[in-house]
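Understanding the architecture of this molecule
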Amino acid sequence: MDVSANRRTKRTASDNKEIISLNNVSKAYSTGAPALKDVDLHINRGEFVFIVGDSGSGKSTLIKLLLRELTITSGDINVMGYDLARIKHRKIPKFRRNIGIVFQDFRLLKDRNVYENVAFAQRIVQKSNKEIRKNVPSILAIVGLAGKYKARPRQLSGGEQQRVALARALVNNPTILLADEPTGNLDPKNSWEIMKLLEQINENGTTVLVVTHNREIVNAMQKRVVTLKKGVIVSDEEKGGYIDED
Ligand code: ADP
Ligand code: MG
């Protein structure tokens, strides 16, 4: 028996190196000019990619398409082997389980403590209490919040709140981590710390996409940089920098 051929036929799209694939993607809202136009974007498993561009250039629209919060107007979009133009509604929760997401405004549960905010993500995917008691402390230690289990979000600094949000995004071990301006509300020191955590998470195998306006960090980190302008990808560079507006 030819084992290698057998393996090949069993391979699914999600085993492929390419984990995010957009071909000719456009997205138009009901009003205004299209938010994204003819976007081609191909990201391999394990990459770290910055998405930069002026306000209104389509960055958050791209993130929402990747999460299948929005559907494309035309083109093709495939994420982890899921054809997002055709995915059945009942399959969307399972698809999203493999994606962690972090936002500029943290979006924590204000009436729950740090531990519960992270545990909540595990309860949604029906992890046992035993697993939760193991996983939550371990992820909180990774983001540097081992001593803060009982604090409520309002008792924490912005940097600490974003670490909680990051722990919540990571506790279910996502394949892809999406961050939409994660340092937008943080001072330079905390911004660097969050970015270093994102880099560390990426080094452990997670594919990471970070939308940011932080020119200094983008220029220093020497990662792949995709630049959007008015809904069009105007540059996509390995070890790139922040492109100055002309
Ligand atoms: P960015 O995140 O880069 O600031 P967005 O993706 O939020 O950009 O927005 C891209 C464009 O789409 C902007 O012109 C914005 O006004 C428009 N837009 C975003 N969301 C909506 C919406 N829900 N309805 C209509 N237009 C929208
Ligand atoms: Mg945005």
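Figured I'd write up the structure that's included with this text. All values reported here derive from a predicted model rather than from experimental measurement.

1. What to know about helix α5 (residues 129-142)
Taking 1.5 Å per residue, 14 residues should reach 20 Å; α5 reaches 20 Å between its end C-alpha atoms and fits that length. Listing the buried residues of α5 in full gives I132, N135, V136, I139 and L140. Taken down its axis, α5 places every buried residue within 125 degrees of arc, on the same side. Across from the buried face of α5, at angles greater than 90 degrees, the exposed residues are K130, R133 and K134. Against α4 (114-124) and α6 (158-170) lie the buried residues of α5. Where α5 ends, the next residue or the one after it, G144, has phi of about 80 degrees, a positive value.

2. Here we look at the sheet that holds strand β1 (residues 18-27)
Taking strand neighbours across the sheet as the criterion, the four strands line up as β2-β1-β4-β5 in an open arrangement whose pairing is antiparallel. Edge positions in the sheet fall to β2 (36-44) and β5 (82-83), since each of these pairs with one other strand and no more. Direction of pairing for β1 relative to strand β4 (residues 74-79): antiparallel, over a ladder of five bridges. The residue of β4 that forms the bridge with N23 is D76.

3. Topic: the site of ligand 1
Near ligand 1, the surroundings consist of Y29, T31, A35, D54, S55, G56, S57, G58, K59, S60 and T61. Taking Y29, its side chain carries an N or O atom lying 3.5 Å from a nitrogen atom of ligand 1. A distance of 2.7 Å separates an oxygen atom of ligand 1 from a polar backbone atom of G56. Surface burial for ligand 1 is 59%, taken as the share of its 570 Å² of free accessible area covered by protein chains. Looking at side-chain class alone, the shell around ligand 1 contains two nonpolar, seven polar and two charged residues.

4. Points about helix α7 (residues 188-203)
Given a rise of 1.5 Å per residue, 16 residues ought to cover 22 Å, and the 22 Å separating the end C-alpha atoms of α7 matches this to within 8%. Three or more residues of α7 are buried, namely N190, S191, I194, M195, L197, L198, E199, I201 and N202. Of the surrounding elements, those touching the buried residues of α7 are β3 (48-52), α5, α6, β7 (176-180), β8 (207-211) and α8 (215-221). The first or second residue beyond α7 is G205, which carries a positive phi of 115 degrees.

Basis of the calculations
- All residue numbers here refer to positions counted from 1 along the written sequence of the relevant chain.
- The naming scheme follows written order: chains are lettered A onward, ligands numbered 1 onward.
- Local features in this predicted model are restricted to residues whose pLDDT is 70 or higher, and side-chain atom pairs enter the listing and the counts only when it is 80 or higher, whereas totals over whole chains, interfaces and linings include all residues.
- Derived side-chain values reflect all non-hydrogen atoms in the structure, with water molecules and hydrogen atoms excluded from consideration.
- Secondary structure elements follow DSSP: runs of H or I no shorter than four residues count as helices, runs of E no shorter than two count as strands, and numbering proceeds from the N terminus.
- To estimate the expected span of a helix, subtract one from its residue number and multiply by 1.5 Å.
- Relative accessibility thresholds used throughout: buried, under 20% of the residue-type maximum; exposed, over 50%; partly exposed, between the two (1.4 Å probe, protein chains only).
- By construction, the arc corresponds to the directions joining the helix axis to the C-beta atoms.
- It only takes one pair of heavy atoms within 4.5 Å for two residues to be counted as in contact.
- A pair of strands counts as paired when DSSP detects no fewer than two bridges linking them.
- Distances are taken per atom, and a residue is near a molecule or strand as soon as one of its heavy atoms is within 4 Å of it.
- Polar contact is the term for a pair of N or O atoms within 3.5 Å; when the atoms are in protein, one must be able to donate a hydrogen and the other to accept it, and sequence-neighboring residues count only if both atoms are side-chain atoms.
- Where accessible areas are quoted, they stem from the Shrake-Rupley method and a 1.4 Å probe; at the residue level, only the protein chains shown are allowed to cover.
- Basically, the charged four are Asp, Glu, Lys and Arg, the nonpolar ten are Ala, Val, Leu, Ile, Met, Phe, Trp, Tyr, Cys and Pro, and anything else, Gly included, counts as polar.

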